[in-house]
Amino acid sequence: MRLAATIIGDLRQVLTAEVRASERAAMQAIRAETEQVKAELRRQVTDALGGNARGIANAWRSQVFPRSGQSLRPAGLVWTKVPNVIDAFERGAVIRAKGGRKFLAIPTSLNRQGGRRGAKPRITPAQMVASGQAFLRPFKSGRGFVWCLPLRQGEQTGRRRRTRLIAGGLTEIGTGNRKGREAWARGMLERGMVPMFVLLPQVALRKRLDVKGAAERGLRRLPGRFVAAWEREAGRRAA
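What you see as residue numbers is a count from 1 along each chain, following the sequence as written. Reporting in this predicted model follows two pLDDT cut-offs: at least 70 for local features of residues, and 80 or more for side-chain atom pairs to be given and counted; totals over whole chains, interfaces and linings ignore these cut-offs and use all residues. Values shown for side chains rest on all heavy atoms present in the structure; no hydrogens or waters enter the calculation.

The helix count covers DSSP runs of H or I at least four residues long, the strand count covers runs of E at least two residues long, and both are numbered beginning at the N terminus. Scanning the chain from terminus to terminus reveals six helices and ten strands. Remark: exposure states derive from per-residue accessible area (1.4 Å probe, protein chains only) relative to the maximum for the residue type, with buried under 20%, exposed over 50%, and partly exposed in between. Per-residue burial over the chain gives 29% buried out of 239 residues. In the chain, the proportion of contacts linking residues at least 24 apart, taken out of those at least 6 apart, comes to 60%. Of the roughly 15,700 Å² that the chain leaves accessible, carbon and sulfur atoms contribute 53%. The contact criterion used is simple: two residues touch if any of their non-hydrogen atoms lie within 4.5 Å. For accessible areas, the Shrake-Rupley method is used with a probe of radius 1.4 Å. Any residue's cover is judged against the shown protein chains and nothing else.

Here's what the structure looks like:
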């Protein structure tokens, strides 16, 4: 049996057009998948660490290569500007004090600006020591301590005459407008102290991120993206 085939048009032009279409499809697929992987990693951070971790989430960056033009072998890179933080939460790292120190000093919510997680402490450990007023309360488990300052009432100010709480004469705490704030403030004054730091020998972070999984899911999606993009490019040529 014999078959006869006839090529209509310039074969070289047809092949060149096909290569150009595949290059565009490859670039589109890599660009879209790189963006999706970056978006997933950013979402992982905010889901795991809360809305106050947007700075860590936005530290995820991406770049597609080549930066200009087309290629059949493009590459997408996703990286973070805070690799140590990401690595710690991906591995579930154990954090210990450095420099021969025995304890980590973790500020309580009352010792953070605005009470926000990750915010700078109002009072530093050095200021606690220098005040000469700080004292320790041990945990029942014996694993650590609560580092406290004495609490006194400050001069009432403002139209509402709110009760002001002064820790060790160094800083005011609990200044936010919260429901039941006055009752809370009076309860704090009755205790006569405010916890400023939690002292622990080490902290084991819970594994909260899955960077490797995000990359693997991206690789599995990539062939499908490429085929879909190639079909779109082929449809444009046929039209």
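Each pair of aromatic rings taken from Phe, Tyr and Trp, with Trp reduced to its six-membered ring, is defined by centres within 6.5 Å and is described as stacked if the planes are under 30 degrees apart, edge-to-face if over 60, and tilted in the remaining cases. Under the counting rule described, the total for this entry stands at three aromatic pairs. With a centroid separation of 5.6 Å and an interplanar angle of 85 degrees, the aromatic rings of phenylalanine 103 and phenylalanine 145 are classed as edge-to-face. Note that phenylalanine 103 is positioned in the loop between strand E3 (94-96) and strand E4 (104-107) and phenylalanine 145 in strand E6 (residues 145-157), a separation of 42 residues in sequence. On the numbers, 5.3 Å between centres and 45 degrees between planes, the contact of phenylalanine 226 with tryptophan 230 is tilted. Here tryptophan 230 and phenylalanine 226 lie together in helix H6 (residues 211-238), a separation of four residues that amounts to about one turn. Taking relative accessible area as the criterion, phenylalanine 226 reaches 23% and is therefore assigned partly exposed.

Every buried residue of helix H5 (residues 181-191) is accounted for by Arg181, Ala185 and Met188. Viewed along the axis of H5, the buried residues span an arc of 60 degrees, placing them on a single side of the element. Immediately downstream of H5, the backbone of glycine 192 shows phi near 75 degrees, a positive value. This arc corresponds to the set of directions leading from the helix axis out to the C-beta atoms.

Before going further, it helps to spend a moment on the pattern of salt bridges. A pair is scored as a salt bridge if a Lys or Arg side-chain nitrogen falls within 4 Å of a carboxyl oxygen belonging to Asp or Glu. The full count for this structure, using the stated rule, is eight salt bridges. A salt bridge links arginine 24 to glutamate 233; its shortest N-O distance comes to 2.9 Å. One end of the pair, arginine 24, is in helix H1 (residues 11-49); the other, glutamate 233, is in helix H6, and 209 residues separate them in sequence. The exposure class assigned to glutamate 233 is buried, which follows from its relative accessible area of 5%. A cluster of three or more residues bridged by salt bridges with shared partners is formed by Glu33, Arg221 and Arg225.

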